[in-house]
Amino acid sequence: MLSKYWKRIGMIILIIACVFNIMGKLVNKLSLNKEMLYSAQYMNEEEKKQK
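On a predicted model such as this, the values are computed, not experimentally measured, just so you know.

Thresholds, definitions, all that
- Residues numbered from 1 in each chain as written.
- Predicted model: local features only at pLDDT ≥ 70, side-chain atom pairs only at ≥ 80, totals over all residues.
- Heavy atoms only, no water.
- Helix = DSSP H or I, 4+ residues; strand = E, 2+ residues; numbered from the N terminus.
- Rg over C-alpha atoms; globule rule 2.2 N^0.38 Å.
- Buried < 20%, exposed > 50% of the residue type's maximum accessible area, 1.4 Å probe, protein only.
- Areas by Shrake-Rupley, 256 points an atom, 1.4 Å probe, with all protein chains shown as cover.
- Lys, Arg positive; Asp, Glu negative; His and termini not counted.
- Charge placed at Lys NZ, Arg CZ, Asp CG, Glu CD.
- Patch = residues over 30% accessible without salt bridge, like charges linked within 9 Å, V, L, I, M, F, W, Y side chains within 5 Å.
- Salt bridge = Lys/Arg side-chain N within 4 Å of Asp/Glu carboxyl O.

## Description of the overall build of the chain
Point 1. Broken down by element type, the chain carries 1 helix and 0 strands.
Point 2. Computed over its C-alpha atoms, the radius of gyration of the chain comes to 22 Å, more than 25% above the 10 Å expected for a compact globule of 51 residues.
Point 3. A burial count over the chain gives 0% of its 51 residues as buried.
Point 4. Surface exposure of the chain reaches about 5,400 Å², of which carbon and sulfur atoms provide 67%.
Point 5. Here the chain carries 9 positive and 4 negative side-chain charges, and the mean point of each set is 25 Å from the other.

## Observations regarding a nonpolar patch on the surface
Point 1. Together, Met-11, Leu-14, Ile-15, Val-19, Ile-22, Met-23 and Leu-26 give the surface a local cluster of nonpolar side chains, amounting to about 680 Å² of exposed area.
Point 2. In this fold, Ile-15 is placed in helix α1 (residues 6-50).
Point 3. Under the relative-accessibility criterion, Ile-15 is labelled partly exposed at 49%.

## Re the pattern of salt bridges
Point 1. Here the structure, examined in full by the defined rule, presents 1 salt bridge.
Point 2. Lys-49 is the partner of Glu-46 in a salt bridge, and the nearest nitrogen-oxygen pair spans 3.8 Å. Residue Glu-46 and its partner Lys-49 are located together in helix α1, separated by 3 residues, close to a single helical turn.
Point 3. Judged by its relative accessible area of 64%, Lys-49 falls in the exposed class.

This is the structure we're talking about:
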């Protein structure tokens, strides 16, 4: 039975893996965006302190 449906099972596993990959990248992108903003603010504060 498994040999009869191996292509469909493989395709379903591939689709699920792609969805998890995309969702993970979207979640990390939001936190990365915040990290970039905090880093830019820190650099501006340090630059002001040096002047």
